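# Architecture at a glance
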Amino acid sequence: MRVRAVFAAGVASLSVLGIGWQLGSSAFDANQNLAVSTSAASGTVVTGAAPVPTTSASTTSSAGAASSGASSSGTAASAATSAAAAQAAADAQAAASAAAAASAAPSGTFTGSVVQTQFGNVQVSVTIANGAITEVTPLQLTTRGGRSVAISNQAAPILRSEVLTAQSARVQNVGGATYTTYGYLTSLQAALDAAKF
């Protein structure tokens, strides 16, 4: 029973050595190919393959397997570091782009044109802060007849809410307030155009 355990441990050790040798050989080949590619890129003509060191099975030890494992883990660590550096650079570039966009974004209050409708004039102003619509204020709403005034007063808050949500003048018509909606959104679009929004 003890002989089997010793034999199994010996086979396991040889397996680990074999795997270490394979990993080390792959890493060495990759490094040699990289060296050949770098030399070719720099204008140096390389002929033949780089010599591969040979070791006999009797001189291979667990230290060799450990160094092969360290070599491949060093390559993996180097790749991870490169990937992290690339991600950090991409994040920094995205932050710089966002900051540039925010500084270039329009800010201020812009007044739209007066839009004439069958029931009176409609005009709005829009407030923009850092590229976002923050407020829409009606300056004039339809005034011809009590019913027209009531419809406009009911439609204006709905239109304001829709515009703030959509962040544009492209919103749906408020039912029963066709003229108010038309005048409100037309004047708003003129104000957005003036803001270059």
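The following paragraphs examine the structure supplied in this document. Everything quoted here is computed from the prediction, not taken from an experiment. Residue numbers run consecutively from 1 along every chain, following the written order of its sequence. Where local features are concerned, this predicted model is filtered to residues with pLDDT of at least 70; where side-chain atom pairs are given and counted, the filter is 80 or more; whole-chain, interface and lining totals use all residues. Side-chain metrics rest on all non-hydrogen atoms present in the structure, leaving aside hydrogens and water.

## Some remarks on the overall build of the protein chain
Using the following cut-off: Under the scheme used here, helices are H or I runs from DSSP no shorter than 4 residues and strands are E runs no shorter than 2 residues, and both carry numbers assigned from the N terminus. Each residue is assigned to one of three classes by its accessible area relative to the maximum for its type, calculated with a 1.4 Å probe on protein chains only: buried under 20%, partly exposed between the two thresholds, exposed over 50%. Each accessible area is a Shrake-Rupley estimate made with a 1.4 Å probe; only the visible protein chains count as cover when residues are assessed.
Counting secondary structure elements, the protein chain contains four helices and four strands. The linear arrangement of helices and strands in the protein chain, starting from the amino end, is α-α-β-β-β-β-α-α. Among the 197 residues that make up the protein chain, the fraction classed as buried is 22%. Of the roughly 12400 Å² of accessible surface on the protein chain, a fraction of 61% belongs to carbon and sulfur atoms.

## What about the side chain of T181?
Basically, it comes down to this: Whenever two N or O atoms come within 3.5 Å, that pair is a polar contact, provided that in protein one can donate a hydrogen and the other can accept it, and provided that, for residues adjacent in sequence, both atoms are side-chain atoms.
With respect to the secondary-structure elements, T181 resides in helix α4 (residues 178-194). Within the local environment of T181, its side chain forms a polar contact with the backbone oxygen of A177, the two atoms lying 2.8 Å apart.

## Notes on α4
Stated formally: Any helix carries an expected span of 1.5 Å times its number of residues minus one. Throughout, a contact is declared for two residues whenever any of their heavy atoms are within 4.5 Å.
The terminal C-alpha atoms of α4, which comprises 17 residues, lie 24 Å apart, in line with the 24 Å expected from a rise of 1.5 Å per residue. Among the residues of α4, those classed as buried are T180, T181, G183, Y184, L185, S187, L188, A191 and L192. If you follow the buried residues of α4, they end up packed against β1 (108-111), β2 (115-117), β3 (120-129), β4 (132-140) and α3 (146-166). Looking one or two places after α4, you find K196, whose phi comes out positive at around 55°.

## Here we look at the packing of α3 against α4
Worth spelling out the cut-off: Whenever a helix is involved, its axis is fitted only over the stretch in contact; in every case the axis is a line through C-alpha atoms, and angles between N-to-C directions fall within 0 to 180 degrees. Reported orientations rely on four angle classes, namely roughly parallel under 35 degrees, roughly antiparallel over 145, roughly perpendicular from 65 to 115, and oblique for the rest. The handedness criterion is simple: a crossing whose near helix is rotated anticlockwise from the far helix by less than a right angle is left-handed, and one whose near helix is rotated clockwise is right-handed. By the convention adopted, Pro, Cys, Tyr, Trp, Phe, Met, Ile, Leu, Val and Ala count as nonpolar, Lys, Arg, Asp and Glu as charged, and the other residues, Gly among them, as polar.
Two numbers describe how α3 lies on α4: the axes approach to 10 Å, and their chain directions differ by 45°. When the axis of α3 is compared with that of α4, the two are oblique. Judged by the twist between their axes, the crossing of α3 over α4 is right-handed. For the pair α3 and α4, the contacting residues are I151, S152, A155, A156, L159, R160 and V163 in the first and T180, T181, Y184, L185 and L188 in the second. Across the contact of α3 with α4, the residue classes tally to eight nonpolar, three polar and one charged.

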